[in-house]
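# Structural overview
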Amino acid sequence: MRSVGYLCLSLLMICVAVPPAFTQEVYVDPAQITLLQSEDPIRYTHDDFILVGVATTNWAVTCSAEPLLHAASGSQIPLTQIYIKHDLIDVYQPFTTAMDLGTGTSFEDPYNAIINRLSFQVQLNGSEWAGQYMGTVHFFNHGVEAAQLLLIVDIFKSLAFAITPSRLESAPSSPNLYAIAPPIDVSITNSNTTDWHIDISILSSSSFETFNGDNIMVRSSLTENTDDTFGPGFQPVNDHPYIISGDRVGRTGQALLEFRILTTWSVHPGNYHVVVALTIPELNLSRPLDLYIDVTEYSSFSLSETALYFHANGPPNIWPGDKSPILTVGTNCSSWGVTCDATSLTSPDDEIPNSRIYMKIEPDAFTGDVGAGIGFHKLDATLVVAEGSALPPQEVAQMWFKLQTLDIDRPGRYQGTITFTFLTDP
């Protein structure tokens with residue numbers, strides 16, 4: 001039996017997209033241009049002419065355009081916003097119909113024949129997205145496509161950014177958390193992108209030791225922060241808190257900003273100027289907000305006792321006072337001091353001079369003995385009780401008193417005053 005063999009062959013068919021092949025009867029130089037923003041921000045232009053030439057002895061050249069297509073979103077710049085001007089027309093015209101660029105039948109050198117010069121403009125209407133748009137201008141010779149020109153428009157990111165008002169003032173008194181009114185209106189309009197956000201920071205401060213962003217808080221009406229350390233939604237400025245972004249509101253948005261400042265006993269009296277910067281880093285845009293803070297002097301000064309008695313119920317001696325008053329001081333001034341002055345003690349018919357009234361202070365570096373024991377001062381002259389720098393209210397000194405009686409002192413009830421004076425230097 002004969003065997004029959006079969007030989008099978010297969011043909012793989014591949015389809016390849018081939019760009020149009022032109023006869024080179026018409027050429028365009030350059031074949032690609034990028035239109036750039038002009039002094040008028042809605043007009044995009046190209047400075048040089050586009051030359052249209054022919055390499056044939058018989059030509060009837062026309063051209064038409066496609067809308068410009070956004071590379072990312074698919075949106076378009078329509079033909080009504082694309083304008084063309086050439087040697088056969090005096091002004092720019094919307095490129096909404098085919099344009100006749102020239103007709104002829106011969107040239108002495110048909111391979112070097114420039115028949116027209118073109119200029120293009122694109123006018124925006126404000127609704128276009130930022131990014132790159134591209135479209136093709138087609139050139140025909142006797143109705144057959146012979147060349148192409150690629151138009152590119154790069155629309156840069158832009159928006160209108162305003163804050164109102166741009167100045168706030170505050171005059172805090174004793175240490176506390178203070179609201180600064182009114183709220184700041186932050187508005188974004190005429191944006192062509194959602195790729196933006198507002199960052200907030202301290203641009204400058206007349207005293208970074210005092211106001212550096214730790215004690216300046218801000219809250220945005222769009223904030224969802226739940227931290228209530230400084231009030232619901234308030235965050236320190238140096239934490240770069242969220243204010244508003246294109247992801248949240250789109251191309252147009254608004255936020256209200258509220259500011260608070262925290263003053264402490266370490267904030268010295270004075271006028272402070274802090275500049276807060278609201279910045280859109282994606283567009284390198286910034287708006288300053290001036291904060292003027294007038295911190296007044298605030299102090300606390302008290303004695304634990306208001307009266308002191310010496311019970312001199314025996315022969316001449318040195319008698320202790322019945323109480324040891326404690327001095328408490330608090331102030332935001334850079335330096336302070338407390339002094340005391342004593343009057344003589346008087347009765348209806350006698351007087352004990354203040355040179356026989358003594359006071360000891362703790363703490364105190366004095367270790368001498370002037371008649372009443374180690375560390376006791378005479379009160380016949382002004383005496384510095386305590387001194388220091390800014391501090392919250394706290395006990396700074398405790399005092400003990402003594403009185404010396406002599407046999408010349410007549411019996412009776414004597415009375416006098418010890419005056420404590422608080423001095424500050426802002």
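Quick summary incoming for the structure in this document. (Residues numbered from 1 in each chain as written. Predicted model: local features only at pLDDT ≥ 70, side-chain atom pairs only at ≥ 80, totals over all residues. Heavy atoms only, no water.)

## Here we look at the overall build of the protein chain
Helix and strand content of the protein chain: one helix and 33 strands. Here the C-alpha radius of gyration of the protein chain, 45 Å, is well above what a compact globule of 426 residues would show, namely 22 Å. Overall size of the protein chain, expressed as C-alpha extent along the three principal axes, is 150 × 85 × 35 Å. On the protein chain, roughly 23100 Å² of surface is accessible, and the fraction owed to carbon and sulfur atoms is 52%. (Helix = DSSP H or I, 4+ residues; strand = E, 2+ residues; numbered from the N terminus. Rg over C-alpha atoms; globule rule 2.2 N^0.38 Å. Areas by Shrake-Rupley, 256 points an atom, 1.4 Å probe, with all protein chains shown as cover.)

## Comments concerning the side chain of T45
With respect to the element layout, T45 can be found in strand β3 (residues 43–45). Judged by its relative accessible area of 19%, T45 falls in the buried class. If we ignore the near neighbours within four places in the chain, the residues touching T45 are T34, L35, L36, S38, F120 and Q121. (Buried < 20%, exposed > 50% of the residue type's maximum accessible area, 1.4 Å probe, protein only. Contact = heavy atoms within 4.5 Å.)

## Section: the nonpolar core
The biggest cluster of nonpolar side chains holds 36 residues, and the ones touching the most others in it are F161, I198, I216, F259, L278 and L289. Formed by 34 residues, the second largest nonpolar core is a distinct cluster that contains I50, M99, L118 and L124. (Core = buried A, V, L, I, M, F, W, Y, C linked by side-chain atoms within 4.5 Å.)

## Section: the sheet that holds strand β15 (residues 167–170)
Strands sit in the order β15-β22-β21-β17 across an open sheet of four strands; the sheet is mixed. Edge positions in the open sheet fall to β15 and β17 (199–205), since each of these has one partner strand only. Between one strand axis and the next, the sheet turns by 25° as a mean value, whatever way the strands run. (Pairing = 2+ DSSP bridges. Axes fitted to C-alpha atoms, helices over the stretch in contact; angles between N-to-C directions.)

## Quick look at the pattern of salt bridges
Under the criterion given, the structure shown has eight salt bridges. Ionic pairing is found between E169 and R167, a salt bridge with its closest N-O pair at 2.9 Å. When the shortest N-O distance is used, the salt bridge between R410 and D349 registers 4.0 Å. With R410 in the loop between β32 (391–404) and β33 (418–425) and D349 in the loop between β27 (345–347) and β28 (350–352), the pair connects residues that are 61 residues apart, well separated along the chain. Assessed through its relative accessible area of 48%, R410 is described here as partly exposed. (Salt bridge = Lys/Arg side-chain N within 4 Å of Asp/Glu carboxyl O.)

## Examining the sheet that holds strand β26 (residues 335–342)
Strands sit in the order β31-β26-β33 across an open sheet of three strands; the sheet is antiparallel. At either end of the open sheet lies a strand with only one pairing partner, and these are β31 (383–388) and β33. Across the sheet, the mean angle from the axis of one strand to that of its neighbour is 20°, orientation sign disregarded.

## Section: the packing of aromatic side chains
What the rule picks out here adds up to five aromatic pairs. Note on W265 and Y298: the rings are 5.5 Å apart at their centroids and 80° apart in plane angle, and the pair reads as edge-to-face. With W265 in the loop between β20 (253–262) and β21 (270–280) and Y298 in the loop between β22 (285–295) and β23 (299–303), the pair connects residues that are 33 residues apart, well separated along the chain. Take Y298: its relative accessible area is 6%, and that puts it in the buried class. Seen in terms of ring centroids, W336 and F422 are 6.1 Å apart; in terms of plane orientation they differ by 45°. Their pairing is tilted. Placement of W336 in strand β26 and of F422 in strand β33 is noted, with a sequence separation of 86 residues between them. In this structure W336 comes out as buried when scored by relative accessible area, which is 6%. Ring-pair connections join several aromatic residues into one group, and the members of that group are F301, W336 and F422. (Phe/Tyr/Trp six-rings, centres within 6.5 Å; stacked < 30°, edge-to-face > 60°.)

## Thoughts on the environment of T279
If you trace the backbone, T279 turns up in strand β21. When the C-alpha atoms of T279 and I42 are compared, they prove to be 24 Å apart, with 237 residues separating the residues in sequence. Within polar-contact distance, the side chain of T279 engages the side chain of S286 at 3.3 Å. (Polar contact = N/O pair within 3.5 Å; in protein donor to acceptor, adjacent residues only side chain to side chain.)

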